[in-house]
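Tertiary structure, described
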Amino acid sequence: MTDLSNPVKTKTPNNRTYKNLYVSTMTVVVLDNGGGLIKAGIGGEREPLTVIPNCLARPVSSKKFLTGDQLLSPTEDLTSATVRRPFDRGYLINPDLQSTIWAHLFSTLRLTPSHSSLLLTEPLFNLPSIQRHTDELVFEEFNFKALYVADAPGLVHLYEASRRPYGLVSKSQCSLVVDCGFSFVHAAPVFQNFCVNYGVKRMDLGGKALSNYLKELISYRSINVMDESFLMDHVKEKLCFVSLDVQRDLMIARKRGNDNIFKCTYVLPDGVTYTKGFVKDPAEADRYRTLSDGATGLHTEKMETDQQEHEEKLENKNKIDLTKNEFSLTNERFLVPEMIFRPADLGMNQAGLAECIVRAVNSCHPHLQPVLYESIILTGGSTLFPRFAERLERELRPLVPDNYRVKISTQEDPILGVWRGGSLLASSPDFETMCVTKAEYEELGSFRCRKRFFH
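Predicted, not measured: the structure shown is a model, and the values here were computed from it.

What counts, and at which threshold
- Residues numbered from 1 in each chain as written.
- Predicted model: local features only at pLDDT ≥ 70, side-chain atom pairs only at ≥ 80, totals over all residues.
- Heavy atoms only, no water.
- Helix = DSSP H or I, 4+ residues; strand = E, 2+ residues; numbered from the N terminus.
- Buried < 20%, exposed > 50% of the residue type's maximum accessible area, 1.4 Å probe, protein only.
- Contact = heavy atoms within 4.5 Å.
- Pairing = 2+ DSSP bridges.

**What to know about the overall build of the protein chain**
Broken down by element type, the protein chain carries 18 helices and 22 strands. Per-residue burial over the protein chain gives 48% buried out of 455 residues. Contacts spanning at least 24 positions in sequence make up 68% of the contacts within the protein chain whose residues lie at least 6 apart.

If you want it as structure tokens, here you go:
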């Protein structure tokens, strides 16, 4: 593998000057270009070189937009920052903005696109017009010498099959990839590393929708955080979890004092002492883990009257000291991930994840259905919620025939699973023959070249 950190000096024929070139004839840049995060690195490596937000952000105190690793700086205050994203509802709508982000990324990583091939991921059912703009970006603006376009489910299947060569996924070459991403949730059957397009089912919600719902809940109950995109993403990742019994947990969340094991406090940044928010008491936030399965934690006493409930709300409101820039969360912690399983309860005309999976499997050949149920792979950032897989299995089991086994596995790192599959594919001996070269693109055009990828 070429070491890109050390440029090789190539002597020119006239023996008088030297030019710094990266020896990259075999270099493949693997770019998992998600709506929320970009994962970029070199094919053949296990870990990407960087994982950055796919956006630009301008802090209130600055007139300059930040991008890439600048957004990850611990000293950068992103409170109420203006955010611009090239993706909307899962699709690339601003190629110029994406070009700016890529240019900064390649410059930071010291990658030379003109001497490299590119393995790029794109959303399922991408529109031809967006594909054309992407090809123009790759070949005409950055001058990559070759391009291969892959979809996320196929790469996840490839990586999981390589990890367990004697497992069911590898032997049957068949799996059901559930990708809970930033914009969408897809249940995609995969057969022999190719996504079965007619069996793919999609839910029009993802990590962004969950963050927006959390913003609404906190803004209504505590303090206005509608402009705090990065902050609410952090709250969601640190404090939210999946409930195994929603009715029980709702009753527990109404209790006072220490009996409410879901209550915790999040401290907002003040811009002076600290620029990032944090959980006030991590031990308090983890108390919910002590709730054993099946425990009710409830009393059979009569429900409080409306007047008592009103007094309790006033008391809780007075306990929140807004001068210290902090707020408390209770049932918001499990109601936000609940959107994935019960979107209809929150006013969305969507089927839940379990029903989405059943519809995807039923769209495939009957001979494949028992194998698909037994090889469900979870990937994407939203699957990192605690108890996600256990809740999904409980929801799915009553919907599946009794003679079928249900086995759900979560990737070791659901955020990097797609990139690692792409890195594995990029290191295969036949990868160069699978790509579309720049010469072919210039001769045949985007539409005819795209047919090679079977999407």
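After that view, the rundown keeps rolling.
**A few points about the sheet that holds strand β19 (residues 326–329)**
Across the sheet, which stays open at both edges, the three strands sit in the order β18-β17-β19 with antiparallel pairing between neighbours. The strands lining the two open edges of the sheet, one partner per strand, are β18 (278–279) and β19. Two elements, strand β17 (residues 264–267) and β18, share two bridges in a ladder whose sense is antiparallel. Paired with Y266 across the strands is V279, a residue of β18.

**Re the side chain of R420**
Along the chain, R420 falls in helix α15 (residues 417–426). A relative accessible area of 7% places R420 in the buried class.

**Considering the side chain of E338**
Looking at the element boundaries, E338 is found in helix α11 (residues 338–341). Residues within four places of E338 in sequence aside, it is in contact with V246, P343 and R391.

**Observations regarding α15**
Of all the ten residues making up α15, nine are buried; the element is thus mostly covered by neighbouring parts of the structure. Regarding α15, the residues found buried are G417, V418, W419, R420, G421, G422, S423, L425 and A426. Summarising the contacts, the buried residues of α15 are in contact with β3 (28–33), β4 (37–42), β11 (117–121), β12 (146–150), α3 (152–163) and α16 (431–434).

**Thoughts on the environment of W419**
Topologically, W419 is positioned in helix α15. Judged by relative accessible area, which is 0%, W419 ranks as buried. Considering only alpha carbons, one finds W419 and N33, 386 residues apart in sequence, at a separation of 9.4 Å. Discounting chain neighbours no more than four positions away, the residues touching W419 are V30, D32, K39, A40, G41, I42, E45, R46, E47 and P48.

In short, the description is geometric, and any link to function would need to be established separately.
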